[in-house]
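Report on the structure
Chain by chain, the residues run as shown.
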Amino acid sequence: RQFDIREGHTCSSSGDGCANTLIKLDSESIKCINSNPTRTHLLCVGAGDEVARVYDRRMLTLSHSTCERTVPVQEFVPGHLLYRNTSQTDDHRYLTVPSITWCTFDPTGRNLLANMGGEQIYLYDMSGTTRIIEIPSAEKEEECSPPQAMRTPEPLDKKTEALKDHGNNLYKQHLFDRAVAVYTECLARCPDSVILLNNRAQALLKRNWKGDQYAALRDATAALLIDPGNEKANFRQIQSYHAMEFNVLAQQKLNLFRTRYPGNDKSLKSFSEEIASALEERDPEPQHSTLRRPELIKSGIDYEQRFAGHCNCKTDIKEANFFGPSQEYILAGSDDKHIFVWDRTSGGILKIYRGDATLVNCVQPHPTLPFLATSGLERVVKLWSPGASQKDEDHQCAEDPEILDKIAADNQVEQDDWFPLDFLTVPYYSSDSDSDQGSTG
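To start, this report covers the structure provided alongside it. None of these values were measured; they are calculated from a predicted model. (Residues numbered from 1 in each chain as written. Predicted model: local features only at pLDDT ≥ 70, side-chain atom pairs only at ≥ 80, totals over all residues. Heavy atoms only, no water.)

Digging into the overall build of the protein chain
For the protein chain, the helix and strand inventory stands at ten helices and 16 strands. Within the protein chain, the fraction of its 441 residues that count as buried is 52%. Here the analysis covers contacts within the protein chain between residues at least 6 apart in sequence; of these, 64% occur between residues at least 24 apart. Carbon together with sulfur atoms contributes 51% to the accessible area of the protein chain, which is approximately 22000 Å² in total. (Helix = DSSP H or I, 4+ residues; strand = E, 2+ residues; numbered from the N terminus. Buried < 20%, exposed > 50% of the residue type's maximum accessible area, 1.4 Å probe, protein only. Contact = heavy atoms within 4.5 Å. Areas by Shrake-Rupley, 256 points an atom, 1.4 Å probe, with all protein chains shown as cover.)

Next up, the structure:
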(Lines give C-alpha, C1' and ligand atoms only; values in the text may rest on other atoms or scores of the structure.)
Protein backbone atom coordinates (compact mmCIF):
# COMPACT_ATOMS: atom_id res chain seq x y z
CA ARG A 1 0.00 0.00 0.00
CA GLN A 2 1.04 3.61 -0.51
CA PHE A 3 0.56 6.43 1.98
CA ASP A 4 1.40 10.13 1.87
CA ILE A 5 3.03 10.99 5.20
CA ARG A 6 2.08 14.66 4.72
CA GLU A 7 -1.59 13.81 5.07
CA GLY A 8 -3.61 12.16 7.77
CA HIS A 9 -5.22 8.87 6.95
CA THR A 10 -8.10 6.88 8.34
CA CYS A 11 -9.13 3.50 7.08
CA SER A 12 -11.44 0.64 7.96
CA SER A 13 -9.90 -2.27 9.84
CA SER A 14 -10.02 -4.42 6.72
CA GLY A 15 -8.76 -1.66 4.44
CA ASP A 16 -11.12 -2.76 1.66
CA GLY A 17 -12.63 0.69 1.28
CA CYS A 18 -9.30 2.46 0.71
CA ALA A 19 -7.93 3.00 -2.76
CA ASN A 20 -4.29 2.89 -1.66
CA THR A 21 -3.17 -0.49 -2.99
CA LEU A 22 -0.13 0.10 -5.16
CA ILE A 23 0.99 -3.51 -5.77
CA LYS A 24 -1.01 -6.67 -5.26
CA LEU A 25 0.56 -10.14 -5.35
CA ASP A 26 -0.83 -13.65 -5.24
CA SER A 27 1.35 -14.30 -2.19
CA GLU A 28 0.11 -13.07 1.17
CA SER A 29 3.59 -12.55 2.63
CA ILE A 30 5.71 -9.72 1.29
CA LYS A 31 9.18 -9.88 2.84
CA CYS A 32 10.95 -6.82 1.44
CA ILE A 33 10.71 -3.84 -0.90
CA ASN A 34 13.49 -1.55 -2.12
CA SER A 35 13.76 1.25 -4.66
CA ASN A 36 16.42 1.60 -7.34
CA PRO A 37 18.89 4.34 -6.26
CA THR A 38 19.46 5.71 -9.77
CA ARG A 39 16.12 4.92 -11.39
CA THR A 40 13.84 5.68 -8.49
CA HIS A 41 10.70 4.72 -10.41
CA LEU A 42 11.75 1.05 -10.16
CA LEU A 43 10.80 -1.03 -7.12
CA CYS A 44 11.95 -4.56 -6.34
CA VAL A 45 9.68 -6.78 -4.24
CA GLY A 46 10.47 -10.10 -2.56
CA ALA A 47 7.52 -12.23 -1.48
CA GLY A 48 6.68 -15.76 -0.43
CA ASP A 49 8.19 -17.43 -3.51
CA GLU A 50 11.39 -17.62 -5.55
CA VAL A 51 10.71 -14.70 -7.91
CA ALA A 52 12.17 -11.19 -7.44
CA ARG A 53 9.73 -8.82 -9.11
CA VAL A 54 10.53 -5.33 -10.39
CA TYR A 55 7.74 -2.79 -10.88
CA ASP A 56 7.75 0.57 -12.66
CA ARG A 57 6.08 3.15 -10.43
CA ARG A 58 5.10 5.19 -13.49
CA MET A 59 2.92 2.32 -14.71
CA LEU A 60 1.10 1.79 -11.39
CA THR A 61 -2.11 3.37 -10.16
CA LEU A 62 -3.65 3.23 -6.72
CA SER A 63 -6.63 0.92 -6.47
CA HIS A 64 -8.70 -1.06 -3.98
CA SER A 65 -7.35 -4.25 -2.45
CA THR A 66 -9.86 -6.27 -4.48
CA CYS A 67 -7.99 -5.41 -7.68
CA GLU A 68 -6.29 -8.03 -9.85
CA ARG A 69 -2.66 -9.07 -9.45
CA THR A 70 -0.22 -6.31 -10.44
CA VAL A 71 1.99 -7.27 -13.39
CA PRO A 72 5.74 -6.56 -12.96
CA VAL A 73 7.97 -5.24 -15.73
CA GLN A 74 10.71 -7.81 -14.95
CA GLU A 75 10.84 -11.11 -13.09
CA PHE A 76 14.15 -12.58 -11.88
CA VAL A 77 14.39 -16.22 -10.84
CA PRO A 78 17.09 -18.94 -10.69
CA GLY A 79 16.28 -21.27 -13.56
CA HIS A 80 16.60 -24.52 -11.62
CA LEU A 81 13.82 -23.51 -9.21
CA LEU A 82 11.39 -23.46 -12.14
CA TYR A 83 12.30 -27.03 -13.08
CA ARG A 84 10.95 -28.53 -9.88
CA ASN A 85 7.95 -30.77 -10.39
CA THR A 86 4.97 -29.55 -8.33
CA SER A 87 3.87 -33.17 -7.89
CA GLN A 88 7.26 -34.43 -6.69
CA THR A 89 7.79 -34.95 -3.00
CA ASP A 90 10.84 -37.22 -2.93
CA ASP A 91 13.44 -34.43 -2.88
CA HIS A 92 13.80 -33.76 0.85
CA ARG A 93 15.87 -30.65 0.09
CA TYR A 94 12.78 -28.80 -1.11
CA LEU A 95 10.06 -29.57 1.43
CA THR A 96 8.94 -25.94 1.17
CA VAL A 97 9.02 -23.42 -1.67
CA PRO A 98 12.19 -21.29 -1.47
CA SER A 99 11.23 -17.68 -0.83
CA ILE A 100 13.14 -14.40 -1.00
CA THR A 101 13.99 -12.93 2.40
CA TRP A 102 15.73 -9.84 1.01
CA CYS A 103 16.33 -8.09 -2.31
CA THR A 104 18.21 -4.88 -3.02
CA PHE A 105 19.90 -2.92 -5.80
CA ASP A 106 23.56 -1.99 -5.93
CA PRO A 107 24.43 1.76 -5.85
CA THR A 108 24.59 1.91 -9.67
CA GLY A 109 21.07 0.47 -9.98
CA ARG A 110 22.29 -1.95 -12.63
CA ASN A 111 22.34 -5.07 -10.47
CA LEU A 112 19.87 -6.78 -8.16
CA LEU A 113 20.78 -9.07 -5.25
CA ALA A 114 18.31 -11.56 -3.76
CA ASN A 115 18.77 -13.75 -0.68
CA MET A 116 16.70 -16.91 -1.07
CA GLY A 117 15.34 -18.60 2.03
CA GLY A 118 16.31 -22.30 2.07
CA GLU A 119 18.62 -21.70 -0.89
CA GLN A 120 21.51 -19.46 -1.99
CA ILE A 121 22.08 -15.76 -2.80
CA TYR A 122 21.66 -14.65 -6.41
CA LEU A 123 23.02 -11.67 -8.35
CA TYR A 124 21.04 -10.47 -11.37
CA ASP A 125 21.84 -8.05 -14.18
CA MET A 126 19.04 -5.52 -14.68
CA SER A 127 19.70 -5.51 -18.44
CA GLY A 128 18.02 -8.94 -18.51
CA THR A 129 20.42 -10.51 -21.01
CA THR A 130 20.84 -13.82 -19.13
CA ARG A 131 17.97 -16.07 -20.09
CA ILE A 132 16.82 -19.27 -18.43
CA ILE A 133 17.94 -22.47 -20.16
CA GLU A 134 15.09 -24.30 -21.86
CA ILE A 135 15.43 -28.02 -21.19
CA PRO A 136 13.97 -29.92 -24.15
CA SER A 137 11.09 -32.31 -23.67
CA ALA A 138 12.04 -36.00 -23.65
CA GLU A 139 8.99 -36.67 -25.82
CA LYS A 140 10.83 -35.26 -28.86
CA GLU A 141 13.66 -37.60 -29.74
CA GLU A 142 16.64 -36.00 -31.45
CA GLU A 143 17.80 -37.44 -34.75
CA CYS A 144 21.27 -38.95 -34.73
CA SER A 145 23.68 -36.90 -36.82
CA PRO A 146 27.46 -37.07 -37.18
CA PRO A 147 29.30 -35.08 -34.49
CA GLN A 148 30.73 -31.73 -35.46
CA ALA A 149 34.50 -31.46 -35.44
CA MET A 150 35.94 -30.24 -32.14
CA ARG A 151 37.58 -26.84 -32.22
CA THR A 152 41.20 -26.48 -31.18
CA PRO A 153 41.07 -24.59 -27.87
CA GLU A 154 42.70 -21.17 -27.63
CA PRO A 155 45.78 -21.24 -25.36
CA LEU A 156 45.35 -19.60 -21.97
CA ASP A 157 47.72 -16.88 -20.80
CA LYS A 158 50.32 -17.93 -18.22
CA LYS A 159 48.47 -16.56 -15.18
CA THR A 160 45.16 -18.15 -16.18
CA GLU A 161 46.91 -21.45 -16.96
CA ALA A 162 48.52 -21.41 -13.52
CA LEU A 163 45.16 -20.66 -11.89
CA LYS A 164 43.56 -23.51 -13.85
CA ASP A 165 46.26 -25.91 -12.66
CA HIS A 166 45.60 -24.74 -9.10
CA GLY A 167 41.88 -25.44 -9.59
CA ASN A 168 42.71 -28.89 -10.95
CA ASN A 169 44.82 -29.66 -7.87
CA LEU A 170 42.00 -28.54 -5.57
CA TYR A 171 39.60 -30.77 -7.50
CA LYS A 172 41.91 -33.77 -7.12
CA GLN A 173 41.94 -33.13 -3.36
CA HIS A 174 38.11 -33.13 -3.37
CA LEU A 175 38.08 -29.45 -2.40
CA PHE A 176 35.27 -28.77 -4.84
CA ASP A 177 34.05 -25.48 -3.36
CA ARG A 178 37.47 -23.87 -3.71
CA ALA A 179 37.92 -25.42 -7.17
CA VAL A 180 34.64 -23.83 -8.33
CA ALA A 181 35.81 -20.41 -7.09
CA VAL A 182 39.20 -20.75 -8.83
CA TYR A 183 37.65 -21.84 -12.14
CA THR A 184 35.21 -18.92 -11.89
CA GLU A 185 38.14 -16.55 -11.39
CA CYS A 186 39.76 -18.06 -14.49
CA LEU A 187 36.57 -17.64 -16.50
CA ALA A 188 36.44 -13.95 -15.56
CA ARG A 189 39.78 -13.67 -17.38
CA CYS A 190 38.90 -16.02 -20.24
CA PRO A 191 35.08 -16.37 -20.50
CA ASP A 192 35.10 -18.36 -23.77
CA SER A 193 37.34 -21.19 -22.59
CA VAL A 194 35.54 -24.49 -23.15
CA ILE A 195 38.10 -26.30 -20.97
CA LEU A 196 37.38 -24.01 -18.01
CA LEU A 197 33.62 -24.31 -18.48
CA ASN A 198 33.87 -28.11 -18.57
CA ASN A 199 36.11 -28.16 -15.50
CA ARG A 200 33.80 -25.93 -13.47
CA ALA A 201 30.77 -27.98 -14.51
CA GLN A 202 32.43 -31.15 -13.24
CA ALA A 203 33.43 -29.48 -9.94
CA LEU A 204 29.86 -28.24 -9.47
CA LEU A 205 28.43 -31.71 -10.05
CA LYS A 206 30.84 -33.14 -7.52
CA ARG A 207 30.09 -30.45 -4.91
CA ASN A 208 26.35 -31.08 -5.37
CA TRP A 209 24.96 -28.18 -3.34
CA LYS A 210 21.53 -26.76 -4.09
CA GLY A 211 21.53 -25.31 -7.60
CA ASP A 212 24.90 -26.82 -8.58
CA GLN A 213 23.28 -29.23 -11.02
CA TYR A 214 21.65 -26.42 -13.01
CA ALA A 215 24.81 -24.29 -12.78
CA ALA A 216 26.71 -27.19 -14.36
CA LEU A 217 24.09 -27.36 -17.12
CA ARG A 218 24.60 -23.64 -17.76
CA ASP A 219 28.33 -24.19 -18.15
CA ALA A 220 27.88 -27.18 -20.45
CA THR A 221 25.38 -25.25 -22.57
CA ALA A 222 27.75 -22.27 -22.82
CA ALA A 223 30.59 -24.58 -23.84
CA LEU A 224 28.44 -26.17 -26.56
CA LEU A 225 27.53 -22.76 -27.97
CA ILE A 226 31.26 -22.13 -28.42
CA ASP A 227 32.17 -25.63 -29.58
CA PRO A 228 29.10 -27.78 -30.47
CA GLY A 229 31.27 -30.83 -31.18
CA ASN A 230 33.10 -30.83 -27.87
CA GLU A 231 32.86 -34.34 -26.45
CA LYS A 232 33.29 -33.39 -22.79
CA ALA A 233 30.73 -30.58 -22.99
CA ASN A 234 28.17 -32.97 -24.50
CA PHE A 235 28.81 -35.45 -21.70
CA ARG A 236 28.63 -32.74 -19.00
CA GLN A 237 25.24 -31.77 -20.35
CA ILE A 238 24.00 -35.36 -20.01
CA GLN A 239 25.42 -35.57 -16.48
CA SER A 240 23.56 -32.37 -15.58
CA TYR A 241 20.25 -33.67 -16.93
CA HIS A 242 20.69 -36.78 -14.80
CA ALA A 243 21.61 -34.75 -11.71
CA MET A 244 18.45 -32.65 -12.22
CA GLU A 245 16.46 -35.92 -12.47
CA PHE A 246 15.58 -35.54 -16.15
CA ASN A 247 16.58 -39.18 -16.56
CA VAL A 248 14.53 -40.04 -19.65
CA LEU A 249 16.15 -37.13 -21.46
CA ALA A 250 19.57 -38.11 -20.07
CA GLN A 251 19.11 -41.68 -21.34
CA GLN A 252 18.12 -40.44 -24.81
CA LYS A 253 21.10 -38.09 -24.95
CA LEU A 254 23.44 -40.82 -23.72
CA ASN A 255 22.31 -43.17 -26.49
CA LEU A 256 23.06 -40.44 -29.05
CA PHE A 257 26.40 -39.74 -27.37
CA ARG A 258 27.43 -43.37 -27.73
CA THR A 259 26.60 -43.30 -31.43
CA ARG A 260 28.39 -40.02 -32.08
CA TYR A 261 31.43 -40.76 -29.93
CA PRO A 262 32.05 -44.54 -30.16
CA GLY A 263 34.68 -46.22 -28.05
CA ASN A 264 33.39 -44.97 -24.68
CA ASP A 265 31.08 -47.90 -23.88
CA LYS A 266 33.31 -49.33 -21.17
CA SER A 267 33.72 -46.03 -19.30
CA LEU A 268 30.01 -45.19 -19.70
CA LYS A 269 28.69 -48.52 -18.40
CA SER A 270 28.38 -47.52 -14.72
CA PHE A 271 26.84 -44.14 -15.60
CA SER A 272 24.28 -45.82 -17.87
CA GLU A 273 23.39 -48.26 -15.09
CA GLU A 274 22.99 -45.33 -12.68
CA ILE A 275 20.47 -43.67 -15.00
CA ALA A 276 18.60 -46.96 -15.50
CA SER A 277 18.42 -47.47 -11.74
CA ALA A 278 17.09 -43.93 -11.25
CA LEU A 279 14.40 -44.54 -13.86
CA GLU A 280 13.24 -47.65 -11.99
CA GLU A 281 13.35 -46.36 -8.43
CA ARG A 282 12.33 -42.69 -8.50
CA ASP A 283 9.00 -40.96 -8.88
CA PRO A 284 8.07 -39.62 -12.32
CA GLU A 285 10.60 -36.97 -13.33
CA PRO A 286 9.69 -33.31 -13.90
CA GLN A 287 7.50 -32.71 -16.92
CA HIS A 288 6.91 -29.32 -18.52
CA SER A 289 3.17 -29.62 -17.84
CA THR A 290 3.72 -29.87 -14.06
CA LEU A 291 6.47 -27.29 -13.53
CA ARG A 292 6.11 -24.25 -11.29
CA ARG A 293 5.38 -21.13 -13.39
CA PRO A 294 6.39 -22.72 -16.74
CA GLU A 295 5.77 -19.40 -18.53
CA LEU A 296 8.76 -17.91 -16.69
CA ILE A 297 11.12 -20.31 -18.46
CA LYS A 298 10.71 -18.09 -21.52
CA SER A 299 10.12 -14.69 -19.92
CA GLY A 300 12.12 -14.88 -16.66
CA ILE A 301 15.65 -13.54 -16.20
CA ASP A 302 18.33 -15.89 -14.85
CA TYR A 303 21.13 -15.05 -12.43
CA GLU A 304 24.64 -13.82 -13.28
CA GLN A 305 26.40 -15.11 -10.15
CA ARG A 306 25.44 -16.91 -6.97
CA PHE A 307 26.89 -17.09 -3.49
CA ALA A 308 26.66 -20.20 -1.33
CA GLY A 309 27.93 -21.46 2.00
CA HIS A 310 25.67 -19.68 4.48
CA CYS A 311 22.41 -21.06 5.91
CA ASN A 312 19.14 -19.14 5.52
CA CYS A 313 16.25 -21.16 6.95
CA LYS A 314 15.17 -19.99 10.38
CA THR A 315 14.05 -16.37 9.88
CA ASP A 316 12.11 -14.46 7.24
CA ILE A 317 14.25 -11.32 7.18
CA LYS A 318 17.80 -12.43 6.45
CA GLU A 319 19.53 -9.75 4.41
CA ALA A 320 22.34 -9.70 1.83
CA ASN A 321 24.15 -6.59 0.65
CA PHE A 322 26.88 -5.15 -1.52
CA PHE A 323 30.02 -3.90 0.24
CA GLY A 324 33.35 -2.27 -0.57
CA PRO A 325 34.45 0.90 -2.40
CA SER A 326 33.56 -0.70 -5.75
CA GLN A 327 30.89 -3.03 -4.34
CA GLU A 328 33.34 -5.89 -4.89
CA TYR A 329 32.09 -7.89 -1.93
CA ILE A 330 28.80 -9.55 -1.02
CA LEU A 331 27.74 -9.81 2.64
CA ALA A 332 25.06 -11.86 4.37
CA GLY A 333 24.16 -13.22 7.78
CA SER A 334 23.63 -16.88 8.52
CA ASP A 335 21.75 -19.19 10.89
CA ASP A 336 25.07 -20.45 12.28
CA LYS A 337 25.92 -17.12 14.06
CA HIS A 338 28.23 -15.97 11.25
CA ILE A 339 28.62 -13.11 8.78
CA PHE A 340 29.83 -14.27 5.37
CA VAL A 341 31.97 -12.23 2.97
CA TRP A 342 32.14 -13.39 -0.67
CA ASP A 343 34.16 -12.17 -3.61
CA ARG A 344 31.61 -10.77 -6.03
CA THR A 345 33.48 -11.91 -9.16
CA SER A 346 34.39 -15.49 -8.26
CA GLY A 347 31.63 -16.23 -5.73
CA GLY A 348 34.27 -17.64 -3.39
CA ILE A 349 34.08 -17.16 0.37
CA LEU A 350 36.78 -14.74 1.56
CA LYS A 351 36.08 -14.45 5.29
CA ILE A 352 33.58 -15.55 7.91
CA TYR A 353 33.03 -13.54 11.11
CA ARG A 354 31.31 -14.65 14.31
CA GLY A 355 28.49 -12.10 14.50
CA ASP A 356 25.90 -13.19 17.06
CA ALA A 357 25.13 -15.67 19.82
CA THR A 358 22.37 -17.35 17.78
CA LEU A 359 22.04 -16.13 14.19
CA VAL A 360 22.63 -13.00 12.08
CA ASN A 361 19.73 -11.43 10.19
CA CYS A 362 20.69 -7.87 9.23
CA VAL A 363 23.85 -6.66 7.49
CA GLN A 364 23.75 -3.00 6.50
CA PRO A 365 26.83 -1.15 5.19
CA HIS A 366 27.32 2.59 5.66
CA PRO A 367 26.67 4.36 2.32
CA THR A 368 30.02 6.18 2.24
CA LEU A 369 32.23 5.02 5.15
CA PRO A 370 33.80 1.58 5.84
CA PHE A 371 31.31 0.70 8.57
CA LEU A 372 28.98 -2.26 8.82
CA ALA A 373 25.98 -2.64 11.15
CA THR A 374 24.75 -6.13 11.99
CA SER A 375 22.10 -7.61 14.24
CA GLY A 376 20.51 -10.94 15.02
CA LEU A 377 18.33 -12.16 17.88
CA GLU A 378 20.44 -10.48 20.54
CA ARG A 379 19.33 -7.11 21.91
CA VAL A 380 22.26 -5.20 20.43
CA VAL A 381 23.31 -3.78 17.07
CA LYS A 382 27.02 -4.31 16.40
CA LEU A 383 29.16 -1.88 14.45
CA TRP A 384 32.17 -3.17 12.54
CA SER A 385 35.06 -1.14 11.13
CA PRO A 386 38.64 -1.87 9.97
CA GLY A 387 40.19 0.09 12.85
CA ALA A 388 37.95 -1.02 15.70
CA SER A 389 39.89 -1.33 18.96
CA GLN A 390 37.76 -4.02 20.58
CA LYS A 391 38.67 -7.57 19.57
CA ASP A 392 37.72 -10.72 21.41
CA GLU A 393 37.35 -14.43 20.88
CA ASP A 394 33.58 -14.15 20.41
CA HIS A 395 34.10 -12.28 17.14
CA GLN A 396 36.92 -14.15 15.50
CA CYS A 397 37.46 -13.96 11.75
CA ALA A 398 37.95 -17.22 9.88
CA GLU A 399 40.20 -16.99 6.81
CA ASP A 400 41.82 -20.42 6.74
CA PRO A 401 40.47 -22.25 3.64
CA GLU A 402 39.94 -25.50 5.53
CA ILE A 403 37.84 -23.76 8.20
CA LEU A 404 35.85 -21.88 5.54
CA ASP A 405 35.18 -25.13 3.69
CA LYS A 406 34.00 -26.90 6.84
CA ILE A 407 31.64 -24.11 7.89
CA ALA A 408 30.17 -23.86 4.39
CA ALA A 409 29.75 -27.64 4.02
CA ASP A 410 28.10 -27.93 7.44
CA ASN A 411 25.68 -25.15 6.52
CA GLN A 412 24.67 -26.89 3.30
CA VAL A 413 23.90 -30.08 5.25
CA GLU A 414 21.89 -28.04 7.75
CA GLN A 415 20.02 -26.30 4.94
CA ASP A 416 19.25 -29.59 3.20
CA ASP A 417 18.03 -31.31 6.36
CA TRP A 418 16.24 -28.38 7.96
CA PHE A 419 12.55 -28.71 8.79
CA PRO A 420 10.40 -25.76 9.98
CA LEU A 421 9.80 -27.31 13.42
CA ASP A 422 13.53 -27.04 14.09
CA PHE A 423 13.06 -23.34 14.66
CA LEU A 424 11.30 -24.11 17.95
CA THR A 425 14.66 -25.06 19.43
CA VAL A 426 16.18 -21.61 18.75
CA PRO A 427 15.84 -19.12 21.65
CA TYR A 428 14.07 -15.89 20.78
CA TYR A 429 16.84 -13.91 22.44
CA SER A 430 19.96 -14.58 24.44
CA SER A 431 20.35 -13.58 28.07
CA ASP A 432 22.19 -10.43 29.10
CA SER A 433 25.12 -12.49 30.35
CA ASP A 434 25.52 -14.10 26.91
CA SER A 435 25.11 -10.87 25.01
CA ASP A 436 28.04 -8.79 23.85
CA GLN A 437 27.27 -5.13 24.50
CA GLY A 438 30.06 -3.42 22.55
CA SER A 439 31.36 -2.66 19.08
CA THR A 440 33.84 -4.98 17.49
CA GLY A 441 36.09 -5.19 14.53
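Here the narrative resumes, following the displayed structure.
Some thoughts on the environment of alanine 162
Within the secondary structure, alanine 162 sits in helix 2 (residues 158–172). Given a relative accessible area of 45%, alanine 162 falls into the partly exposed group. The spatial distance from the C-alpha of alanine 162 to the C-alpha of cysteine 186 is 9.4 Å, given a sequence separation of 24 residues.

A few points about the pairing of strand 2 (residues 42–47)
Taken across its six residues, strand 2 has six buried, putting it largely inside the fold. Burial along strand 2 is two-sided: Leu42, Cys44 and Gly46 facing one way and Leu43, Val45 and Ala47 facing the other are all buried. Where strand 1 (residues 30–35) lies against strand 2, five bridges are found, and the strand directions are antiparallel. The residue of strand 2 that forms the bridge with asparagine 34 is cysteine 44. Two successive antiparallel strands, strand 1 and strand 2, enclose a turn made up of six residues. In terms of strand pairing, strand 2 meets strand 3 (residues 52–56) through five bridges, oriented antiparallel. If you follow leucine 43 over to strand 3, its bridge partner there is tyrosine 55. (Pairing = 2+ DSSP bridges.)

Quick notes on the sheet that holds strand 3
Read from one edge to the other, the open sheet built from four strands follows the order 1-2-3-4, with strand pairing classed as antiparallel. Both edges of this open sheet fall to strand 1 and strand 4 (74–76), since each of them pairs with a single strand only. Across this sheet, the average inter-strand angle for adjacent strands is 20 degrees, counted without regard to direction. Here strand 3 runs beside strand 4; their pairing, made up of three bridges, is antiparallel. Residue pairing in the sheet places arginine 53 in a bridge with glutamate 75 of strand 4. (Axes fitted to C-alpha atoms, helices over the stretch in contact; angles between N-to-C directions.)

Side note on the pattern of salt bridges
Under the criterion given, the structure shown has 19 salt bridges. Put simply, lysine 318 and aspartate 335 hold a salt bridge, and the shortest N to O gap is 2.6 Å. Of this pair, lysine 318 sits in the loop between strand 8 (305–307) and strand 9 (320–323) while aspartate 335 sits in the loop between strand 10 (329–333) and strand 11 (338–343); the two residues are 17 residues apart in sequence, bridging distant segments of the chain. Between aspartate 410 and lysine 406 there is a salt bridge, with the nearest N and O atoms lying 2.7 Å from each other. Here lysine 406 and aspartate 410 lie together in helix 10 (residues 401–417), a separation of four residues that amounts to about one turn. Among the residues examined, lysine 406 registers a relative accessible area of 52% and is labelled exposed. What you see here is one network of salt bridges that share partners, running through Asp177, Arg207, Asp212 and Arg306. (Salt bridge = Lys/Arg side-chain N within 4 Å of Asp/Glu carboxyl O.)

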